[in-house]
Amino acid sequence: MRSVTYSMNVSLDGYIVGPDGTFDWSGPDEEVFRFWIDEMRGVGVHLLGRRLYEAMLYWETADEVQSLDDSQLEWAAIWKPLPKVVFSTTLSAVQGHARLASGDLAEEIERLRTEPRAGDIAIGGADLAAQAAASGLIDEYRAVVYPVLVGGGIPFFPQHERRVDLELVETRTFSSGVVYLRYRVAR
């Protein structure tokens, strides 16, 4: 059965977006960008909320821009054909290799888990991850921790009132001081 993973860049104090709504502090250097490219190769479908979907729309046509470097072109080549499921109550249509979710998150994840496809079911975005976590649907948390304190904003970890024990699976430290932490939910 396919695993459900939640991966995002996060500040050391636990936020994916700062109090001013920006995440400019999480722009990856070449080493971290290569890491994200390799991570994305293991994804079979990506679930996104509206905000993250709209932020990632850039990559649907980025390969048409002349100023992209080789890594950015490689990312676009992986991202563009990747199946995406967008959860939104305000969008009526989506672009690229995406579709609007027709059911609720738990139903969609259970349906995707049973498909005979390769690759993880990745969740991007704090709101969507919070819903999945509240239902116990996340198998792994993958945090790329940046050495910055932003003081507030949108938290990486969903705020729900239940304990979740985790097992450390992998760590990696980048030359920039960024640290990757991969935890599996202990079941």
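Residues numbered from 1 in each chain as written. Predicted model: local features only at pLDDT ≥ 70, side-chain atom pairs only at ≥ 80, totals over all residues. Heavy atoms only, no water.

## Examining the overall build of the chain
- The helix and strand inventory of the chain stands at six helices and 10 strands.
- Along the longest, intermediate and shortest principal axes, the C-alpha atoms of the chain span 40 × 35 × 30 Å.
- The burial tally for the chain puts 44% of its 187 residues in the buried class.
- Contacts in the chain between residues at least 24 apart in sequence constitute 71% of all its contacts with a sequence separation of at least 6.
- Surface exposure of the chain reaches about 9,700 Å², of which carbon and sulfur atoms provide 52%.
- Mean positive and mean negative side-chain charge positions of the chain (18 and 28 charges, respectively) differ by 6 Å. (Helix = DSSP H or I, 4+ residues; strand = E, 2+ residues; numbered from the N terminus. Buried < 20%, exposed > 50% of the residue type's maximum accessible area, 1.4 Å probe, protein only. Contact = heavy atoms within 4.5 Å. Areas by Shrake-Rupley, 256 points an atom, 1.4 Å probe, with all protein chains shown as cover. Lys, Arg positive; Asp, Glu negative; His and termini not counted. Charge placed at Lys NZ, Arg CZ, Asp CG, Glu CD.)

## Quick notes on the sheet that holds strand 6 (residues 120-124)
- One open sheet accounts for eight strands, arranged 5-4-3-6-1-7-10-9; its pairing is mixed. The open sheet has two edge strands, strand 5 (98-100) and strand 9 (166-173), and neither has a second partner. Going across the sheet, the axis of each strand differs from the next one's by a mean of 25 degrees, ignoring polarity.
- Sheet topology note: the strand 3 (residues 43-49)/strand 6 ladder contains five bridges and is parallel. Each bridged residue has a counterpart across the sheet, and for Leu48 the counterpart in strand 6 is Gly124. (Pairing = 2+ DSSP bridges. Axes fitted to C-alpha atoms, helices over the stretch in contact; angles between N-to-C directions.)

## Here's the deal with the environment of Tyr180
- Residue position: Tyr180 is located in strand 10 (residues 179-185).
- Taking the relative accessible area as the measure of exposure, Tyr180 reaches 1% and is therefore buried.
- With near-sequence residues (within four places) excluded, Tyr180 lies in contact with Phe35, Glu39, Arg142, Ala143, Val144, Glu170, Thr171, Arg172 and Phe174.

## Structural notes on the packing of aromatic side chains
- One pass over the structure, following the stated rule, counts 13 aromatic pairs.
- Summarising the aromatic geometry, the rings of Tyr6 and Phe156 are spaced 4.5 Å apart at their centres and angled 20 degrees between planes, so their arrangement reads as stacked. Linking Tyr6 in strand 1 (residues 4-11) with Phe156 in the loop between strand 8 (154-155) and strand 9, this pair joins segments that are 150 residues apart in sequence. Of the two residues, Tyr6 and Phe156, neither departs from the other in class, the shared state being buried.
- Judged by centre distance (5.8 Å) and plane angle (65 degrees), the rings of Phe35 and Trp36 are edge-to-face. (Phe/Tyr/Trp six-rings, centres within 6.5 Å; stacked < 30°, edge-to-face > 60°.)

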